[in-house]
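# Fold and geometry: a report
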Amino acid sequence: MLLRDKVAVITGGAGLNGLGFATARQMAAHGARVVIVDLERADPASAASRLGDGHLGVVGDVTDKAACDAAIEQALKAYGRIDVLVNNAGITQPVKTLEITRADYDRILDVSLRGTLHMSQSVLPAMRRQQAGSIVCISSVSAQRGGGIFGGPHYSAAKAGVLGLARAMAREFGIEGIRVNCITPGLIETDITQGKLSPERKDAITETIPLNRLGRADDVAGACVFLASDLSVYCTGITLDVNGGMLIH
Ligand code: NAD
């Protein structure tokens, strides 16, 4: 039980095949009380109920700061503290540079990058009061290798922005016992990739991965548990690659 009695907020955690829900499941199994924050259409309450008793699902759009504050207020009312935030909500779009419109750019950056800032701003006052907390931000291998697998350049930019934002927050809040780290997943089979890659393309990608398979949501969830728990108590500002060796650098 690595997270006994810790309260963990996970954004974008309602998709049952996604990284967020896999993380919610593993964190609950490690004793955490989990708060899933997701869009109304993703039905966070029903996802949270699948974790068993003592977990909460809250509707919240991470692009809306007031909604983030309201979600955290609900979590604090229910559980009194926030020990862990996983900034997982994200969307992608497989387009090329010259096809990116202003609206595409805003949409993609708003969820991953602005959403990470908003939710971090919403939980930081509680973590400061506690003088403890762990924030885990889900970036992507796309930020490190310049995309090329799935998302467009604006997605790579958003996820690279997440790395910079997380490192800067790590530097700012370390003195208050708050750790901020990133995970850079490789290609993980979830709804985000569903039906968008042909079997031939998947095989070609698999050949470039030393561990010889695409990732599973639980592969990333395990890394989230590590960064949320005291096992990683001396890690802050790090980028943990979970990509099967797809990018060794
Ligand atoms: P997913 O589509 O299953 O999950 C994304 C979740 O975010 C969904 O539940 C969705 O409802 C939620 N969401 C979208 N917009 C939101 C908003 N404005 N506010 C709140 N919630 C919102 O995809 P996934 O593969 O599980 O992705 C999870 C994270 O991992 C994303 O940030 C994604 O960019 C990142 N990632 C995924 C992969 C991969 O290969 N699957 C690789 C690298 C990084």
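Under an unreviewed UniProt entry, the name given to the chain is SDR family oxidoreductase, and the organism recorded is Piscinibacter koreensis. UniProt, in the comment section headed Sequence similarities (unreviewed entry), describes the chain in these words: "Belongs to the short-chain dehydrogenases/reductases (SDR) family."

Opposite charge on two side chains makes pairing possible when the charged atoms of those side chains draw close. Summed over all chains, the structure comprises 9 salt bridges. A salt bridge links D83 to R81; the shortest N-O distance between them is 2.7 Å. Using a relative accessible area of 33% as the deciding quantity, one classes R81 as partly exposed.

What follows is about the sheet that holds strand β2 (residues 33–38). As summarised here, the arrangement of the 7 strands in space is β3-β2-β1-β4-β5-β6-β7, forming an open sheet in which the pairing is parallel. With one partner strand each, in any of the chains shown, β3 (56–59) and β7 (239–242) form the two edges of the open sheet. Going from strand to strand, the sheet's axes swing by 20° on average, the running direction of each strand aside. Where strand β4 (residues 84–87) and strand β5 (residues 133–138) come together, 4 bridges link them in parallel fashion. Note that in β5 the partner of V86 across the bridge is V136.

Below, the discussion takes up the UniProt feature "domain: Ketoreductase" (unreviewed entry) in the chain. This chain's UniProt record puts "domain: Ketoreductase" (unreviewed entry) on residues 6–186. Annotated as 48% helix and 18% strand, the span residues 6–186 places its first and last C-alpha atoms 28 Å apart.

Let us now look at the nonpolar core. Core analysis: the biggest nonpolar cluster contains 33 residues, and V9, V35, I82 and I135 have the highest contact counts within it. Among the elements of the structure, β1 (7–11), β2, α3 (65–79), α4 (102–130), β5, α6 (153–173) and β6 (178–185) are those that each provide at least two residues to this core. Tallying contributions element by element places α6 first for this core, with 7 residues. In contact with I82, other than residues within four places in its own chain, are V7, V9, I72, A75, L76, V123, A126, M127 and Q130. Within the second largest apolar cluster, 31 residues are counted, among which are A22, V136, A221 and A223.

Moving on to the site of the ligand. Taken together, 28 residues lie near the ligand, and D38, N88, Y155, I188 and T190 sit nearest. Between the ligand and D38 there is a distance of 2.7 Å, counted from an oxygen atom to a side-chain nitrogen or oxygen. Expressed as a share of its isolated accessible area of 820 Å², the protein-covered part of the ligand is 92%. Taken together, the residues of the shell around the ligand sort by class into 13 nonpolar, 11 polar and 4 charged.

Before going further, it helps to spend a moment on the side chain of S139. The residue S139 is located in the loop between β5 and α5 (141–145) in this model. At a separation of 2.9 Å, a polar atom in the side chain of S139 contacts the main-chain carbonyl oxygen of K159.

Another aspect to go through is the packing of α3 against α4. The N-to-C vectors of α3 and α4 enclose an angle of 35°; their axes lie 8 Å apart at closest approach. Between α3 and α4 lies a crossing whose hand is right-handed. Contact residues: α3 offers K65, C68, D69, I72 and L76, while α4 offers H118, M119, Q121, S122, V123, A126 and R129. For the contact of α3 with α4, the per-class residue count stands at 6 nonpolar, 3 polar and 3 charged.

Looking at chain direction, β2 and β3 are connected through 4 bridges and run parallel. Within β3, the position partnered with V37 by the bridge is V58.

Under the 1.5 Å per step criterion, the end-to-end length of α3 is 21 Å for 15 residues, consistent within 8% with the ideal 21 Å. Those residues of α3 not exposed but buried are A67, C68, A71, I72, A75 and Y79. Down the axis of α3, the sector holding all buried residues measures 135°, keeping them to one side. Facing away from the buried side of α3 by more than 90 degrees, the exposed set consists of A66, E73 and K77. Residues of α3 that are buried make contact with β1, β2, β3 and α4. Its side-chain oxygen placed 3.1 Å from the backbone nitrogen of A66, D64 serves as the N-cap of α3. Within two residues after α3, G80 carries a phi angle of roughly 80°, on the positive side.

Reading guide: rules and limits
- Residues numbered from 1 in each chain as written.
- Predicted model: local features only at pLDDT ≥ 70, side-chain atom pairs only at ≥ 80, totals over all residues.
- Heavy atoms only, no water.
- UniProt positions renumbered as here; feature names shortened; annotations may be inferred.
- Salt bridge = Lys/Arg side-chain N within 4 Å of Asp/Glu carboxyl O.
- Buried < 20%, exposed > 50% of the residue type's maximum accessible area, 1.4 Å probe, protein only.
- Pairing = 2+ DSSP bridges.
- Helix = DSSP H or I, 4+ residues; strand = E, 2+ residues; numbered from the N terminus.
- Axes fitted to C-alpha atoms, helices over the stretch in contact; angles between N-to-C directions.
- Core = buried A, V, L, I, M, F, W, Y, C linked by side-chain atoms within 4.5 Å.
- Contact = heavy atoms within 4.5 Å.
- Near = heavy atom within 4 Å.
- Polar contact = N/O pair within 3.5 Å; in protein donor to acceptor, adjacent residues only side chain to side chain.
- Areas by Shrake-Rupley, 256 points an atom, 1.4 Å probe, with all protein chains shown as cover.
- Nonpolar A, V, L, I, M, F, W, Y, C, P; charged D, E, K, R; others polar.
- Left-handed = near helix turned anticlockwise from the far one by under 90°.
- Expected span 1.5 Å × (residues − 1).
- Arc of directions from axis to C-beta.

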